[in-house]
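A structural walkthrough
Residues per chain, in single letters:
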Amino acid sequence: MRRIICLAAFSLLVASSTVFAQDIPVDYQLGENYSDRYKYSTVLSIESSVKGETVLVRTYYGGFPLRPKGHFIEIYDGDLNLVSDFNYKHAGEHMVDGFVKNGQLYLLELAYDFDAEAYNYVVHQTPLDDFRFTERPLLSIPSKEVANPLAVNKYNRKFGNGFSTATHFNDSRNAFAITVHYREGRDEKYKVLLYGTDLKKRLEYDFTAAIEEKNYAFENVEVSKDLSSVYLMGKAFFKKRRNDLKERRYQYELVRIGAGGHTIQEFADPGRFPESLKPILVDGDLKVVGFYADRKDNRYNGLVHFNLNGETLALQSKKYNPFSEQFMIDKFGREVDTEIKNLIFKSVHITPEKNILFSAEEYFVTKGEDISSGATQITDRYHYNDIVLAKLDAMGNMKWARNINKTEVTQGDASYASYTAYGHGENMYFFINSGENPQKISKERILFKQGFSRNPNMFVIKVDGEGDLTYKKLVDDKEVRLPIMVSRPLIQIDKDTLLFYAKRGTKKQMIQVTVN
């Protein structure tokens, strides 16, 4: 069923720069509502095949307490019809990700081998037209078993359990880096490996010398076009307390690893504290964008842009852009003594004019009480709040920055929270779940708020090249009576489409959104 959404003009009192809404050229198509045999599941991966099919892999759970029982694979054609599925009855110890390459589906697992006393990255592979899974080892690291080998903390980094590893895919998902921090006797070791999605190893590097004074928590990765070098951006935590109390216990660093070794660029200007940085390769030029604070407490004051030499990482230019008064009104109204903190980088879009649009989300974790099991338990609550969108020109000068007020909290599957950003031309589109109508919180500001309904509506927010913001409810909860996994779509840039999966209980449905 084809739904064409033509958004009528109306006024949005979000800020003085907001104009009357014009038609937002977004179409959507609803797939059939299918029954599903697995009530409890989460999406491991959603990918596109060479035939234009959508390949969805879910981890399903059973028992009490719920435990992974296997992986269910669904293949949809271009018209959102479910054409085949397969139950792969392999639960896996730590399933990392899945991807599709040359008609094959690959599932990447981290498993512990008790006989060899080693952690193994194992690849599960099958043709898409004839499900026959085979397994093969990709990487083995001797280690004692630890409680959580994939532990990641966005705000701190310690190495006390003897083993820690992470996998980082690049934005185009044609390569991934594996980092491994482990012990060899009494010595700490650190290894970085780079693979293409053809599973050919492009790099293997001993990074041990660099961790004598610091522990690294990498957040973002960029890979050169020929897959010969990898750029890892993240926090470097000092192992020993620094003498200057005005300084933080960590700093952001960019690490380039290639055939000739590694190079490090530190981002530590006196009185300036860069945060949530992202490396970007633009036509061979290496840029870094993100935020900065004037104090060490993560209270962000503006946007930062660096130009670097892609080979040596030598700093060629830098630009600090303080947040504008308009941005502060967007976020806080007329309040004073306010602060911006806990921003996590989410997306980047290079426009046809080589401007940079990038967005981040206010993310933090709190403790709360859960009484659903009949007994009070302390549980983590994950908060996904305001969206920050900024536009920089090719030289790093800020054109504008906008804040989209949003509040969400979840204890369960985060796929239904947060947002997806999609850049098209000079515009940026945001897709979020929200209650029936945004809440007006002042004359100039509105708030997209998590609805109490189990079927939140999906809204589209458009920010044009001038920073003007409009919005509209895109998919009504009366049409799609299932919550939509708004932060886990399949994005197909060549088609300007986004495929969203809706799921609850034993019902499922696909939604295709097209940005014209």
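Residues numbered from 1 in each chain as written. Predicted model: local features only at pLDDT ≥ 70, side-chain atom pairs only at ≥ 80, totals over all residues. Heavy atoms only, no water.

1. Focus: the overall build of the protein
Each helix and strand in the protein was counted, giving one helix and 37 strands. For the protein, the residues scored as buried account for 56% of the 516 residues in total. Total accessible area on the protein is roughly 23400 Å²; 47% of this is exposed by carbon and sulfur atoms. (Helix = DSSP H or I, 4+ residues; strand = E, 2+ residues; numbered from the N terminus. Buried < 20%, exposed > 50% of the residue type's maximum accessible area, 1.4 Å probe, protein only. Areas by Shrake-Rupley, 256 points an atom, 1.4 Å probe, with all protein chains shown as cover.)

2. So, the pairing of strand E7 (residues 82-88)
In this sheet, E7 lies alongside strand E6 (residues 67-76) in antiparallel orientation, the contact comprising six bridges. The partner of Phe72 across the bridge, within E7, is Asn87. Between E6 and the antiparallel strand that follows it, E7, lie five residues; Leu80 among them carries a positive phi value of about 70°. (Pairing = 2+ DSSP bridges.)

3. Regarding the environment of Val83
Here Val83 shows up in strand E7. Among the residues examined, Val83 registers a relative accessible area of 46% and is labelled partly exposed. If sequence neighbours within four positions are ignored, Val83 has contacts with Glu53, Ile75, Tyr76 and Asp77. (Contact = heavy atoms within 4.5 Å.)

4. Examining the packing of aromatic side chains
In the structure shown here, the tally under the stated rule is 34 aromatic pairs. Ring centres of Tyr119 and Phe163 lie 4.4 Å apart, and the angle between their planes is 20°; on these two criteria the pair is classed as stacked. A residue pair is termed long-range when its members are at least 10 positions apart, and Tyr119 in strand E10 (residues 118-127) and Phe163 in strand E12 (residues 163-169) qualify at 44 residues. Here Tyr119 matches Phe163 in class, with each residue buried. For the pair Phe448 and Tyr471, a centre-to-centre distance of 5.3 Å together with 90° between the ring planes defines the contact as edge-to-face. (Phe/Tyr/Trp six-rings, centres within 6.5 Å; stacked < 30°, edge-to-face > 60°.)

5. Regarding the sheet that holds E7
One open sheet accounts for four strands, arranged E4-E5-E6-E7; its pairing is antiparallel. Strands at the two margins of the open sheet, each flanked by one partner only, are strand E4 (41-48) and E7. Averaged over neighbouring strand pairs, the angle between their axes works out to 20° when direction is ignored. In this sheet, E6 lies alongside strand E5 (residues 54-62) in antiparallel orientation, the contact comprising nine bridges. In the sheet register, Arg58 faces E6, and the bridge partner there is Phe72. (Axes fitted to C-alpha atoms, helices over the stretch in contact; angles between N-to-C directions.)

6. Quick look at the sheet that holds strand E17 (residues 230-238)
Whenever strands of a sheet pair, they do so through backbone hydrogen bonds, lying parallel or antiparallel. Sheet architecture is open: four strands sit in the order E16-E17-E18-E19, paired in antiparallel fashion. The sheet is open, and its two edges are formed by strand E16 (214-223) and strand E19 (261-267), each paired on a single side. The sheet shows a mean angle of 25° between the axes of neighbouring strands, taken without regard to direction. Inspection of the sheet shows E17 paired to strand E18 (residues 250-258) by eight bridges, in the antiparallel sense.

7. With respect to the pattern of salt bridges
Evaluation of the coordinates by the stated rule reveals 25 salt bridges. For Asp130, the salt bridge goes to Arg132, with nearest N and O atoms at 2.8 Å. One salt bridge connects Asp294 with Arg272, and the closest N-O pair in it is separated by 3.7 Å. Note that Asp294 is positioned in the loop between strand E21 (285-293) and strand E22 (300-308) and Arg272 in the loop between E19 and strand E20 (273-282), a separation of 22 residues in sequence. In this structure, a network of salt bridges that share partners links the residues Asp36, Arg58, Glu74, Lys503 and Lys508. (Salt bridge = Lys/Arg side-chain N within 4 Å of Asp/Glu carboxyl O.)

8. A word on the side chain of Lys278
With respect to the helices and strands, Lys278 occurs in strand E20. On the basis of relative accessible area, Lys278 is assigned to the buried category, the value being 3%. In terms of polar contacts, Lys278 uses its side chain to reach the side chain of Asp171, at 3.1 Å. Every residue in contact with Lys278, bar those within four places of it in the chain, is listed here: Asp171, Asn220, Val221, Lys287, Val288, Val289, Phe345 and Val348. (Polar contact = N/O pair within 3.5 Å; in protein donor to acceptor, adjacent residues only side chain to side chain.)

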